[in-house]
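Each chain, written out:
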Amino acid sequence: DYFDISIEEFSNDHRITEGFDGTTDSETGYIYQFSSNGVYISGYTGTINGTLNIPETIINRPVGGFHQLAFYVYNVNGTLTNVTIPNTVEEFQHGSFYGNRSLGTVNIPYGAVVDNTAFGMCGSPLKYTTLIGYDNSTAETYVSSCTVDSTYIKFKAADCNELGHTQGKRRTTVKASCENGGTTELHCEVCDYLISSNATDAIGHRYKWTNNGGVST
């Protein structure tokens, strides 16, 4: 079988070994490694039968990405058909979902970096793997330009209503003064939708002594 030969060659080329590096979270079964933006998932100890919903946080840290070979087909116990990815994910490393022929849909968060082997050998003539993302996104670029075993991968454009909003940086819309509070807003980085608005306290007066012995603000 062409797929099995190619996947085996990938294993040999990239020296796949049994087991994962990292620490297992006893609550979720995910194996993780610490990273600068939270944790990266490097494996899963449970059985997967269908859809895998990746959590936004593990041990109260945001899930920032997938370590190389995290869900490589020989490391998956069961059959992976769909994956729901939180918008905290910023990277799909080398071979992170390689070889999952039954994989149907995966949503790719805005701006996430996708290695050119991340979804290699996924899909089949009977069931394409669909990467869902924004127009002109890294997901679309991956599908259109990747040459590493991506025959049965396609792209589907979606918007924030389907993919969820991506938090940008909080903006100060009304600056706090000495006597009056202000306002900050959090908008979606993609569509500018207002996610939340928060009031800030007045900063209060600052006093200093003057030459005549009085005080001024």
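Here the structure is shown first, and the text comes after it.
Summary of the structure given here. Since we're looking at a predicted model, the values are computed, not measured. (Residues numbered from 1 in each chain as written. Predicted model: local features only at pLDDT ≥ 70, side-chain atom pairs only at ≥ 80, totals over all residues. Heavy atoms only, no water.)

1. Observations concerning the overall build of the protein chain
- For the protein chain, the count of helices and strands is three helices and 17 strands.
- The contacts in the protein chain between residues at least 6 apart in sequence include a share of 52% that link residues at least 24 apart.
- As displayed, the protein chain offers around 12,100 Å² of accessible surface, 44% of which is attributable to carbon and sulfur atoms. (Helix = DSSP H or I, 4+ residues; strand = E, 2+ residues; numbered from the N terminus. Contact = heavy atoms within 4.5 Å. Areas by Shrake-Rupley, 256 points an atom, 1.4 Å probe, with all protein chains shown as cover.)

2. Details of the sheet that holds strand β15 (residues 194-200)
- What the three strands build is an open sheet, ordered β13-β14-β15; its pairing is antiparallel. Of all strands in the sheet, those bounded by a partner on one side alone are β13 (171-174) and β15. Strand after strand, the sheet turns through a mean of 30 degrees between neighbouring axes, direction not considered. (Pairing = 2+ DSSP bridges. Axes fitted to C-alpha atoms, helices over the stretch in contact; angles between N-to-C directions.)

3. Considerations on the sheet that holds strand β12 (residues 153-157)
- Strand order in the open sheet formed by five strands is β4-β7-β9-β11-β12, and the pairing between neighbours is parallel. Of all the strands in the sheet, the pair left with one neighbour each is β4 (48-53) and β12. The sheet shows a mean angle of 25 degrees between the axes of neighbouring strands, taken without regard to direction.
- Helix α2 (residues 138-145) rests against β11 (129-133) and β12 of the sheet, and its axis sits at about 150 degrees to β12.

4. Examining unusual backbone geometry
- Positive phi outside glycine occurs at isoleucine 59, with the angle close to 45 degrees.
- Topologically, isoleucine 59 is positioned in the loop between β5 (57-58) and β6 (61-66).
- Look at methionine 121: it is not a glycine, yet its phi comes out positive at around 60 degrees.
- Take methionine 121: it is sitting in the loop between β10 (113-114) and β11.
- Overall, the relative accessible area of 3% leaves methionine 121 in the buried class. (Buried < 20%, exposed > 50% of the residue type's maximum accessible area, 1.4 Å probe, protein only.)

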